[in-house]
Amino acid sequence: MKKLIAGIALFGTFAFASAQTITFDKTTFDYGNIKPNADGTRFFTVTNTGDKPLILSNVKPSCGCTTPEFSQDPIMPGKSAKIKVGYNTALNGPFNKMIEVFSNDPANSRSVIYIKGNVDPNAPEPKVLTPAEQKEAAKAEKKAAKLAKKAAAK
């Protein structure tokens with residue numbers, strides 16, 4: 001009888017560990033101070049750190065000033081996808097918006113990501129990145145995604 005119970009417990013643990021798992025490179029994107037009508041588009045990277053395909057079923061903003069775009073194509077294990085989030089920067093003042101991400105992750109079927117910042121006419125002009133700085137930023141983003149993947153695996 002003890003062996004049967006131990007076997008069921010072991011199987012249950014294995015079945016639970018075998019699933020799709022959603023991981024984000026970051027859960028909050030801070031725009032900082034930006035000028036009115038500046039580019040309000042930002043990207044969140046979603047990684048499937050599980051061993052089954054991850055499917056984003058819906059991405060729902062907290063208000064109409066935020067517009068998310070995403071693909072419902074399955075994200076295969078170890079692969080990533082982007083959620084594109086646009087904010088209406090014609091609206092002056094501080095903002096802090098919530099975006100709900102719904103997926104087939106059994107432990108986190110509803111995840112929340114945030115955008116925040118301040119639309120200010122007196123904000124400094126955005127700095128244009130050189131090609132070297134763009135390359136360095138892309139490298140840092142990949143490193144952050146790898147660290148998120150490792151943290152989720154623990």
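Thresholds, definitions, all that
Residues numbered from 1 in each chain as written. Predicted model: local features only at pLDDT ≥ 70, side-chain atom pairs only at ≥ 80, totals over all residues. Heavy atoms only, no water. Helix = DSSP H or I, 4+ residues; strand = E, 2+ residues; numbered from the N terminus. Contact = heavy atoms within 4.5 Å. Pairing = 2+ DSSP bridges. Axes fitted to C-alpha atoms, helices over the stretch in contact; angles between N-to-C directions. 1 Å grid on protein atoms, 1.4 Å probe; cavity = no way out; pocket = protein on both sides within 12 Å on 5 of 7 lines; lining within 4 Å. Points joined across faces, edges and corners; volume = space filled by probe spheres on them. Nonpolar A, V, L, I, M, F, W, Y, C, P; charged D, E, K, R; others polar. Phe/Tyr/Trp six-rings, centres within 6.5 Å; stacked < 30°, edge-to-face > 60°. Buried < 20%, exposed > 50% of the residue type's maximum accessible area, 1.4 Å probe, protein only. Salt bridge = Lys/Arg side-chain N within 4 Å of Asp/Glu carboxyl O. Core = buried A, V, L, I, M, F, W, Y, C linked by side-chain atoms within 4.5 Å. pLDDT = per-residue confidence, 0-100.

Caption draft 1: Seen up close, the environment of Pro74. Considering the arrangement of structural elements, one finds Pro74 in the loop between β5 (66-69) and β6 (80-87). Taking the C-alpha atoms as reference points, Pro74 and Pro53, separated by 21 residues in sequence, lie 5.6 Å from one another. Residues in contact with Pro74, not counting those within four places in the same chain, are Pro53, Leu54 and Ile55.

Caption draft 2: Representation of the sheet that holds strand β3 (residues 41-48). Across the sheet, 4 strands lie side by side as β1-β3-β6-β5; this open sheet has antiparallel pairing. Whereas interior strands pair on both sides, the edge strands pair on one side only; in this sheet they are β1 (22-24) and β5. Strand-to-strand twist of the sheet, defined as the mean angle between neighbouring strand axes without regard to direction, takes the value 30 degrees. Bridge analysis of β3 against β6 gives 7 bridges, and the strand direction is antiparallel. The partner of Thr47 across the bridge, within β6, is Ser80.

Caption draft 3: Quick look at the layout of surface pockets. What the largest pocket holds in volume is close to 270 Å³. Only β3 and α2 (131-153) provide two or more residues apiece to the lining of the largest pocket. A breakdown of the residues in the lining of the largest pocket according to their chemical character gives 5 nonpolar, 1 polar and 4 charged. Volume-wise, the second largest pocket comes out at about 210 Å³. As for the second largest pocket, its lining consists of 11 residues, of which Ile34, Ala38, Asp39, Arg42 and Pro126 are closest to the centre. Looking at the lining of the second largest pocket, the element that brings in the most residues is strand β2 (residues 28-34), giving 3 residues.

Caption draft 4: Highlighting the packing of aromatic side chains. Scanning the model with the defined rule gives 5 aromatic pairs in all. Relative to Phe44, the ring of Phe29 has its centre 6.4 Å away and its plane inclined at 75 degrees; by these criteria the two rings are edge-to-face. Residue Phe29 is found in strand β2, and its partner Phe44 is found in strand β3; the two are separated by 15 residues along the sequence. Classification of Phe44 by relative accessible area gives buried; the value is 0%.

Caption draft 5: Up close: the pattern of salt bridges. Within the structure shown, the criterion is met by 2 salt bridges. The partner of Arg110 in a salt bridge is Glu100, and the shortest N-O contact between them spans 2.6 Å. Of this pair, Arg110 sits in strand β8 (residues 110-119) while Glu100 is found in strand β7 (residues 93-103), placing the two residues 10 residues apart along the sequence.

Caption draft 6: Highlighting the nonpolar core. Counting residues in hydrophobic clusters, the biggest one holds 21 residues, and the most contacted among them are Val46, Ile83, Val101 and Ile115. Listed by contribution, the elements that provide at least two residues to this core are β1, β2, β3, β4 (56-61), β6, β7 and β8. Setting aside anything within four residues of it in sequence, one finds Val101 in contact with Ile22, Phe24, Leu56, Asn58, Val59, Ile83, Ser109, Arg110, Ser111 and Ile113.

Caption draft 7: Quick peek at the confidence of the model for the protein chain. Per-residue pLDDT for the protein chain has a mean of 84; in total, 80% of the residues score no lower than 70. Note on residues 6-16: pLDDT under 50 across the span, and 0 contacts to partners over four residues away in sequence or across chains.

Caption draft 8: Region of interest: the pairing of β7. As paired elements, β4 and β7 share 5 bridges and run antiparallel to each other. Within β7, the residue paired with Leu56 across the bridge is Ser103. Here 10 bridges tie β7 to β8, and the two strands are oriented antiparallel to one another. By the bridge assignment for β8, Phe95 is matched with Gly117. A loop of 6 residues connects β7 with β8, the two strands running antiparallel in sequence.

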